Amino acid sequence: WLWIAMALLVLVLWTYHLALLIVRRLGVRYQLTTQRLIHEHGILRRVTDRVEAIDIDDVSFVQGVVERMFGVGTIRIVSSDRSTPELLMPGVAPVKQIADMIDEVRRKERQRRALHIEAV
């Protein structure tokens, strides 16, 4: 009985993680333009958040040991946007390149509008 119980537990955990992966893949979408980052989430009810690139204050990312092996991580965006002051983007690959891309869009938009990064 112990082996059957352990096998069922492993099956339930794998099913849970597979369902979570499917929901994240189908239910979350990010779009980066030259002026804003658009975050859409939800499967049945879609919610869209827009963060202006000029409002982004900091872009960082976190990777655990296993995530580093696969080049996946969580990007953390801190902004002065009232509705989304902090945005976490889990499961992004390649995390370093995407975080650098978001930071570059932020810098270019601030330069375009003649704002100094240190002044904001």
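Our subject in this report is the structure included herewith. This is a predicted model, so every value here is computed, not measured. (Residues numbered from 1 in each chain as written. Predicted model: local features only at pLDDT ≥ 70, side-chain atom pairs only at ≥ 80, totals over all residues. Heavy atoms only, no water.)

### Here's the deal with the nonpolar core
Counting 12 residues, the largest nonpolar core is built from Leu 37, Val 51, Ile 56, Val 59, Ile 75, Ile 77, Leu 87, Met 89, Val 92, Val 95, Ala 99 and Ile 102. Looking at this core, the elements with two or more residues in it are strand E4 (56–62), strand E5 (73–79), strand E6 (86–92) and helix H3 (95–112). Once residues within four sequence positions are removed from consideration, Val 92 is found in contact with Gly 71, Val 72, Gly 73, Ile 75 and Ile 98. (Core = buried A, V, L, I, M, F, W, Y, C linked by side-chain atoms within 4.5 Å. Buried < 20%, exposed > 50% of the residue type's maximum accessible area, 1.4 Å probe, protein only. Helix = DSSP H or I, 4+ residues; strand = E, 2+ residues; numbered from the N terminus. Contact = heavy atoms within 4.5 Å.)

### Here's the deal with the pattern of salt bridges
Tallied over the entire structure, the rule returns nine salt bridges. Between Glu 40 and Arg 29 there is a salt bridge; the shortest N-O distance is 3.3 Å. Of this pair, Glu 40 sits in strand E2 (residues 36–41) while Arg 29 sits in strand E1 (residues 28–32), and the two are 11 residues apart along the sequence. Looking at Glu 40, the relative accessible area reads 18%, which means it is buried. The exposure class assigned to Arg 29 is partly exposed, which follows from its relative accessible area of 44%. Between Glu 109 and Arg 112 there is a salt bridge, with the nearest N and O atoms lying 2.8 Å from each other. Placement of the pair is Glu 109 and Arg 112 together in helix H3, with a separation of three residues, close to one helical turn. Judged by relative accessible area, which is 53%, Arg 112 ranks as exposed. By sharing partners, the salt bridges in this structure join Asp 103, Arg 106 and Arg 107 into a single network. (Salt bridge = Lys/Arg side-chain N within 4 Å of Asp/Glu carboxyl O.)

### Some thoughts on H3
Between its terminal C-alpha atoms H3 stretches 26 Å, which fits the 26 Å expected from 18 residues at 1.5 Å a residue. For H3, the full list of buried residues reads Val 95, Ala 99, Ile 102, Asp 103, Val 105, Arg 106, Glu 109 and Arg 110. For H3, the buried positions fall inside an angular range of 150° around the axis, keeping them on one side. For H3, the exposed residues set more than 90 degrees away from the buried face come down to Lys 108, Gln 111 and Arg 112. (Expected span 1.5 Å × (residues − 1). Arc of directions from axis to C-beta.)

### Some thoughts on the environment of Asp 57
Within the secondary structure layout, Asp 57 lies in strand E4. Considered as a pair, Asp 57 and Asp 81 are 24 residues apart in the sequence and their alpha carbons are 9.6 Å apart. Within the local environment of Asp 57, its side chain forms a polar contact with the side chain of Arg 110, the two groups lying 3.3 Å apart. (Polar contact = N/O pair within 3.5 Å; in protein donor to acceptor, adjacent residues only side chain to side chain.)

### Looking at the sheet that holds E5
Taken in spatial order, the three strands make up an open sheet running E4-E5-E6, and their pairing is antiparallel. Of all the strands in the sheet, just E4 and E6 have a single pairing partner and so form its edges. When the angles between neighbouring strand axes are averaged without regard to direction, this sheet yields 15°. Two elements, E4 and E5, share six bridges in a ladder whose sense is antiparallel. Looking at E5, one finds that Val 59 is bridged to Ile 77. Running at roughly 170° to E4, H3 makes contact with E4, E5 and E6 of the sheet. (Pairing = 2+ DSSP bridges. Axes fitted to C-alpha atoms, helices over the stretch in contact; angles between N-to-C directions.)

### Thoughts on the pairing of strand E3 (residues 47–52)
Here E2 runs beside E3; their pairing, made up of six bridges, is antiparallel. Of the residues in E3, the one forming a bridge with Leu 37 is Val 51. Counted along the chain from E2 to the antiparallel partner E3, the turn is five residues long, and its residue Gly 42 has a positive phi close to 115°.

Keep in mind these numbers describe shape, not what the thing actually does.
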